[in-house]
Amino acid sequence: MSDASIEMPPLGQAVDCCAAPDEASRNACALCTKPMCRTCGGYVNGRAVCGACLAQIQQELDAEQADASHVPGGVVGGIAGALVGGGIWGAVAVATGLAIGYLAVLVGFLAGYGVFIGAGKRRSKQLQFVAVGCAVLGLLLGKYFIVGHFVMKEFPDSGLSYFDSRLFRLFIGNLSEFFELFDILWMFLALGAAARATKPTMTRSRASRPAS
């Protein structure tokens, strides 16, 4: 039986457990804390919940699932979040003189959250790819802003600006040199933060859980 086909009473209504009372007493729903047996209910993000809570969550999940119509809004929101995050990362670097790596995670989070908001607070695997793509954009823009600032500071008479094609070619041509090992680590975490912002909640029936 698929998760979507499970029909349970509304949240808060009593649910009869199919196991003996002593079995039920050793297991409680992770959400409402009511007793349940090993075969009733299901799992939400790996946590055991009773049938009533599972049904309520399934209804909420059905309402938050994204389709193709939500992607354009997600892209717009993700780009906006990426620009804000990249701008913050670059601004802090300019203000402190340091390219603080862990702020890259903020870029990823804002990109992913922007996708989530832009898509009408929907989640899906497709939106996760959009969030990761927007996070990459934000990270590149933030790094470009940081590199550009230090290059212009080092060569004040060059006449360079952020919109100068020479600076852009310099950045693209030496991209690998501007990313150190720790930068790659922080960016990996940033992409993870972006993906989590739009990750669908996972549910499954208790019968599908492997025996321990």
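Our structure is the block above this text.
Residues numbered from 1 in each chain as written. Predicted model: local features only at pLDDT ≥ 70, side-chain atom pairs only at ≥ 80, totals over all residues. Heavy atoms only, no water.

(A) Representation of the overall build of the protein chain in the model. The helix and strand inventory of the protein chain stands at 7 helices and 3 strands. The proportion of buried residues among the 212 residues of the protein chain is 40%. Sequence-distant contacts, at least 24 apart, represent 65% of the contacts inside the protein chain between residues at least 6 apart. Carbon and sulfur atoms make up 64% of the accessible area of the protein chain, which totals about 12000 Å². (Helix = DSSP H or I, 4+ residues; strand = E, 2+ residues; numbered from the N terminus. Buried < 20%, exposed > 50% of the residue type's maximum accessible area, 1.4 Å probe, protein only. Contact = heavy atoms within 4.5 Å. Areas by Shrake-Rupley, 256 points an atom, 1.4 Å probe, with all protein chains shown as cover.)

(B) The arrangement of the nonpolar core in detail. Formed by Ala66, Val71, Ala82, Ala111, Val115, Ala119, Leu127, Val130, Ala131, Cys134, Ala135 and Ala194, the largest nonpolar core amounts to 12 residues. If you list the elements that add at least two residues to this core, you get α3 (71-96), α4 (103-118) and α5 (125-154). Here the element with the most residues in this core is α5; it accounts for 5 residues. With near-sequence residues (within four places) excluded, Leu127 lies in contact with Ala66, His70, Val71, Val115, Ala119, Arg122 and Thr198. (Core = buried A, V, L, I, M, F, W, Y, C linked by side-chain atoms within 4.5 Å.)

(C) Quick peek at helix α7 (residues 181-197). Relative to the 24 Å expected for 17 residues at 1.5 Å per residue, α7 spans 25 Å between its end C-alpha atoms, a close match to the ideal helical length. Of the residues making up α7, those classed as buried are Asp183, Met187, Ala190, Ala193, Ala194, Ala195 and Ala197. The inward-facing, buried residues of α7 contact α3, α4 and α5. (Expected span 1.5 Å × (residues − 1).)

(D) Expanded view of the environment of Met187. Along the chain, Met187 falls in helix α7. Apart from the residues within four sequence positions on either side, Met187 is in contact with Trp89, Leu139, Lys143 and Phe179.

(E) Local environment of the pattern of salt bridges. Taken as a whole and judged by the stated rule, the model has 1 salt bridge. Among the ionic pairs, Asp164 bridges to Arg166, the shortest N-O distance being 2.9 Å. (Salt bridge = Lys/Arg side-chain N within 4 Å of Asp/Glu carboxyl O.)

(F) The arrangement of the packing of α3 against α5 in detail. At a minimum axis separation of 8 Å, α3 and α5 run at an interaxial angle of 30°. Considering their axes alone, α3 and α5 lie roughly parallel with respect to each other. Considering the relative orientation of α3 and α5, their crossing is right-handed. Among the residues making up the contact of α3 with α5, the classes are represented as 18 nonpolar, 8 polar and 1 charged. (Axes fitted to C-alpha atoms, helices over the stretch in contact; angles between N-to-C directions. Parallel < 35°, antiparallel > 145°, perpendicular 65-115°, else oblique. Left-handed = near helix turned anticlockwise from the far one by under 90°. Nonpolar A, V, L, I, M, F, W, Y, C, P; charged D, E, K, R; others polar.)

(G) Region of interest: the packing of α4 against α7. Taken N-terminus to C-terminus, the directions of α4 and α7 make an angle of 20°; their axes are 7 Å apart at the nearest point. For the element pair α4 / α7, the angle class is roughly parallel. Between α4 and α7 the crossing geometry is right-handed. Only Trp186, Leu189, Ala190, Ala193, Ala194 and Ala197 of α7 make contact with α4, whose side of the interface consists of Ala104, Val105, Gly108, Phe109, Gly112, Tyr113 and Phe116. Considering only residue class, the contact of α4 with α7 consists of 11 nonpolar, 2 polar and no charged.

(H) Layout of a nonpolar patch on the surface. A contiguous nonpolar patch, built from Val75, Ile79, Leu83, Leu137 and Leu141 and spanning about 350 Å² of accessible area, is present on the exposed surface. For the nonpolar patch, the elements supplying multiple residues, two or more each, are α3 and α5. Per element, the largest residue contribution to the nonpolar patch is 3 residues, and it comes from α3. For Leu83, a relative accessible area of 48% gives the class partly exposed. (Patch = residues over 30% accessible without salt bridge, like charges linked within 9 Å, V, L, I, M, F, W, Y side chains within 5 Å.)

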